Amino acid sequence: MNKAIVFGATSGIGYELTKILVQNNYKVAITGRRLEKLEELKSKFPAQIIIKQNDIQQIEDLEKVFFEMVDEFKTVDLIVQSSGVGFVNPKLEWGKEEQTINTNVLGVTKLYTLAYNLFRKQQFGHLVGISSIASIRGNRSSPVYFSSKAYQKAYLESLYFKTKTIKSKKVFITDIRPGFVDTPMALGEEIFWMVPVEKAAKQIYAAIKKKKE
């Protein structure tokens, strides 16, 4: 049975992707801030899911939880980073900007480094980051969110280049850049081309199976 860790599994893409992974013979460790949502997901697949409550903004706790899950699994085949926050913040209220940076930049970077170093040590593994089409351009209403996604895109691409130095050639990096998906993370109103989260999760899993860049 393959083993996966999904960060940000309490809702949206992480939640739906976890269900698909379980249905495709994965044992999955799931994390997130809302314990009740983690327990709800585990109740659907009690034999294949373990839960670890975690706030990705808490860097020291993140590392502790990460290694607890690795110790549980011994080896890990797949790590999915789906945690994130974003606000429509045209007035640049600092509290919202800071929360986005702490989650989408500091917390995510810590997780990416932990995952990459684990896979380099194992000589195999697949890191999947859920960034966004927002990584391509700026935006006047949500500048820090769009900027944080551009940072994630560049960081994942840099890790992809680093995999070329790993002898086994069995470490993979995939950057998923969704457009508008019907989740709480969809910023704004009257959004066009909104994709149901179930459809998006199926497309993402197809990309994971193919180990797309």
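Residues numbered from 1 in each chain as written. Predicted model: local features only at pLDDT ≥ 70, side-chain atom pairs only at ≥ 80, totals over all residues. Heavy atoms only, no water.

(A) Examining unusual backbone geometry more closely. Here the phi dihedral of Lys 74 falls at roughly 75 degrees; this positive angle occurs in a residue that is not glycine. If you trace the backbone, Lys 74 turns up in the loop between helix H3 (59-73) and strand S4 (78-81). Of note in the backbone geometry, Lys 169 takes a positive phi value of approximately 60 degrees without being a glycine. As for its position among the elements, Lys 169 is in the loop between helix H5 (143-163) and strand S6 (171-176). (Helix = DSSP H or I, 4+ residues; strand = E, 2+ residues; numbered from the N terminus.)

(B) The arrangement of the packing of helix H4 (residues 94-122) against H5 in detail. Here H4 crosses H5 at 10 degrees, and the two axes come no closer than 9 Å. Here H5 runs roughly parallel to H4, going by the angle between their axes. Together, Glu 97, Thr 100, Ile 101, Asn 104, Val 105, Val 108, Thr 109, Tyr 112, Thr 113 and Tyr 116 of H4 and Pro 143, Val 144, Tyr 145, Ser 148, Lys 149, Tyr 151, Gln 152, Tyr 155, Leu 156, Leu 159, Lys 162 and Thr 163 of H5 make up the contact between the two elements. (Axes fitted to C-alpha atoms, helices over the stretch in contact; angles between N-to-C directions. Parallel < 35°, antiparallel > 145°, perpendicular 65-115°, else oblique. Contact = heavy atoms within 4.5 Å.)

(C) The side chain of Asn 89, seen in detail. Locating Asn 89 in the fold gives a position in the loop between S4 and H4. A relative accessible area of 2% means that Asn 89 is categorised as buried. In this view, Asn 89 contacts Lys 96, Glu 97, Ser 141, Ser 142 and Pro 143; residues no more than four positions away in its chain are not counted. (Buried < 20%, exposed > 50% of the residue type's maximum accessible area, 1.4 Å probe, protein only.)

(D) Representation of the nonpolar core. Among the nonpolar cores identified, the biggest contains 28 residues, and Ile 5, Phe 7, Phe 66, Val 76, Ile 79 and Leu 127 are the most heavily contacted of them. Looking at this core element by element, the count peaks at 8 residues for H4. Once you skip the residues sitting within four places of it in the chain, Val 76 turns out to touch Lys 3, Ile 5, Val 70, Leu 118, Phe 119, Gln 122, Phe 124 and Gly 125. By size, the runner-up hydrophobic cluster in this structure holds 27 residues, among which are Ile 20, Val 28, Ile 176 and Ile 208. (Core = buried A, V, L, I, M, F, W, Y, C linked by side-chain atoms within 4.5 Å.)

(E) Highlighting the side chain of Ser 83. On the secondary structure map, Ser 83 appears in the loop between S4 and H4. Aside from chain neighbours lying at most four places away, what touches Ser 83 is Phe 7, Gly 8, Ile 56 and Val 108.

(F) A look at the sheet that holds S6. Strand order in the open sheet made by the 6 strands is S3-S2-S1-S4-S5-S6, with parallel pairing throughout. The open sheet is flanked by strand S3 (49-53) and S6, the only strands paired with a single partner. The sheet shows a mean angle of 15 degrees between the axes of neighbouring strands, direction not considered. Summarising the sheet, strand S1 (residues 2-7) and strand S2 (residues 26-32) pair through 6 bridges and their orientation is parallel. Directly across from Lys 3, in S2, lies its bridge partner Lys 27. The strands that helix H6 (residues 197-210) touches are S2, S4, strand S5 (125-130) and S6; relative to S5, the one it contacts most, it runs at about 150 degrees. (Pairing = 2+ DSSP bridges.)

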